[in-house]
Amino acid sequence: MNWKRHFSTAIGGAISGAACFAVWPELWKSYGIMGGFMAATIIISIMWYFNHWLGVVENPNGKIWVDQGFAISAAGIVWGVVRLDASFLQAIPTFVCCAIGGVLAAAAAVVVKQVLPRYNAGANKS
Amino acid sequence: MIAFLSTYYDAIGMTPAGILTTIFGSFCVTFVVIICWGKLVEDFGPAGGMLSAAIIIGTFWVVNHKLPGFGINPDCIASPDGGIKQYGMIYQAYRGACPWVDMGTTIAIGLWCHSLFMGKPGERLALVRESLPRVAALVFGGIIGGAILGLISYSGANLFGG
């Protein structure tokens, strides 16, 4: 049973990664900034619904949230390597800076959630 | 100060200014996603999630990844120092030569770390161990999807020469 969930997760990742990088650059090239905004609306919304609302990507309650961003990130780097002949190692500086920003935001959000009224009201109710 | 911020380091392929904008841009998008997305889904259900995709990711795409072009510069504007001019906060290292690092990277790492930090201190190792196979499956799927998509450059179907 377990391998089926991982199978489903991998399929969700493959589809969302391919959809992002098939549509996003072309819409940006055709319609500029508004094309990028439109791409976010049409791709990420349906891919979020598919991966996280319907649960194609496995996310049990109370466990670590695994986001479709992992798949999109991996797809972006591999797409660049295969299609544009970029060097994989050259992705590392930007990747490390992105990871630092993500970890900082995660730590900051833990602090900020303690003082946000919406979050605290929900905690008191339940 | 200006000279220091715009000094290009060949070893890391970035300027200090590029490092700062990358870290700050990824901080912004991750923070907003962590704080807003879950609440919007709680308030509006699936429509809230799809709305978040449009307003959060759309807005922060403009912050982090925008490049000039309204159908007029699809090959990007060449920078006098080599490579392309970059207008987004997430700086693609080596003057844009690095394979595309998307802001999905930072959102995924941020959400992963956030739920790790929110877990109880004693259970964190178990949480990490439970999540790693799922991450591996997702990354594997992404690699397959990205690699197969990249193959279209070998079928000669290059829209706009890109």
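Let us look at the structure shown here. Please read all numbers here as calculations on a predicted model, not as lab measurements. (Residues numbered from 1 in each chain as written. Chains lettered and ligands numbered in written order. Predicted model: local features only at pLDDT ≥ 70, side-chain atom pairs only at ≥ 80, totals over all residues. Heavy atoms only, no water.)

The helix and strand inventory of chain B stands at five helices and zero strands. When the helices and strands of chain B are placed in sequence order, the string is α-α-α-α-α. If you take every contact in chain B between residues at least 6 apart in sequence, the share linking residues at least 24 apart comes to 48%. Accessible surface, chain B as shown: approximately 7700 Å² in total, 72% of it carbon and sulfur. (Helix = DSSP H or I, 4+ residues; strand = E, 2+ residues; numbered from the N terminus. Contact = heavy atoms within 4.5 Å. Areas by Shrake-Rupley, 256 points an atom, 1.4 Å probe, with all protein chains shown as cover.)

Closest axis-to-axis distance for the helix 1 (residues 2-53) of chain A/helix 5 (residues 124-150) of chain B pair is 7 Å, and the angle between their directions is 40°. In this view, helix 1 of chain A runs oblique relative to helix 5 of chain B, as classed from their interaxial angle. Every pair of crossing elements has a handedness; the one defined by helix 1 of chain A and helix 5 of chain B is right-handed. Two secondary-structure elements touch here, helix 1 of chain A through H6(A), T9(A), A10(A), G13(A), A14(A), A18(A), F21(A) and A22(A) and helix 5 of chain B through P133(B), R134(B), A137(B), L138(B), F140(B), G141(B), G142(B), G145(B) and L149(B). Across the contact of helix 1 of chain A with helix 5 of chain B, the residue classes tally to 10 nonpolar, six polar and one charged. (Axes fitted to C-alpha atoms, helices over the stretch in contact; angles between N-to-C directions. Parallel < 35°, antiparallel > 145°, perpendicular 65-115°, else oblique. Left-handed = near helix turned anticlockwise from the far one by under 90°. Nonpolar A, V, L, I, M, F, W, Y, C, P; charged D, E, K, R; others polar.)

When two helices pack together, their arrangement is given by the angle between their axes and by how far apart the axes lie. Across the interface, helix 3 (residues 92-113) of chain A lies against helix 2 (residues 16-44) of chain B with an axial gap of 7 Å and an inter-helix angle of 40°. As judged from the angle between their axes, helix 3 of chain A and helix 2 of chain B are oblique. Judged by the sense of rotation from one axis to the other, the crossing of helix 3 of chain A with helix 2 of chain B is right-handed. Within the contact of helix 3 of chain A with helix 2 of chain B, the residues separate by chemical class into 15 nonpolar, six polar and one charged.

Time to look at the pattern of salt bridges. Residues and elements named next belong to chain A. Within this structure, the stated rule accounts for three salt bridges over all chains. For R83, the salt bridge goes to E26, with nearest N and O atoms at 4.0 Å. One end of the pair, R83, is in helix 2 (residues 69-84); the other, E26, is in helix 1, with 57 residues separating them in the sequence. For the residue pair R83 and E26, the accessibility class agrees, reading buried in each case. (Salt bridge = Lys/Arg side-chain N within 4 Å of Asp/Glu carboxyl O. Buried < 20%, exposed > 50% of the residue type's maximum accessible area, 1.4 Å probe, protein only.)

We now examine a nonpolar patch on the surface. Residues and elements named next belong to chain A. Residues F88, L89, I92, V96, I100 and L104 make up a contiguous nonpolar surface patch of about 550 Å² in total accessible area. Counting through the fold element by element, L104 comes out in helix 3. Under the relative-accessibility criterion, L104 is labelled partly exposed at 45%. (Patch = residues over 30% accessible without salt bridge, like charges linked within 9 Å, V, L, I, M, F, W, Y side chains within 5 Å.)

Facing 88 residues of chain B, the contacting portion of chain A comprises 80 residues. Together chain B and chain A conceal approximately 7000 Å² of surface at their shared face, both sides included; 78% is due to carbon and sulfur atoms. Viewed at the interface, chain A and chain B are joined by zero salt bridges. For the side of chain B that touches chain A, the secondary structure elements donating two or more residues are helix 2, helix 3 (46-65), helix 4 (103-118) and helix 5 of chain B. Counting residues per element, the side of chain B that touches chain A draws most heavily on helix 5 of chain B, at 19 residues. Residues that form the side of chain B that touches chain A fall into these classes: 57 nonpolar, 26 polar and five charged. (Buried area = accessible area lost by both parts, 1.4 Å probe.)

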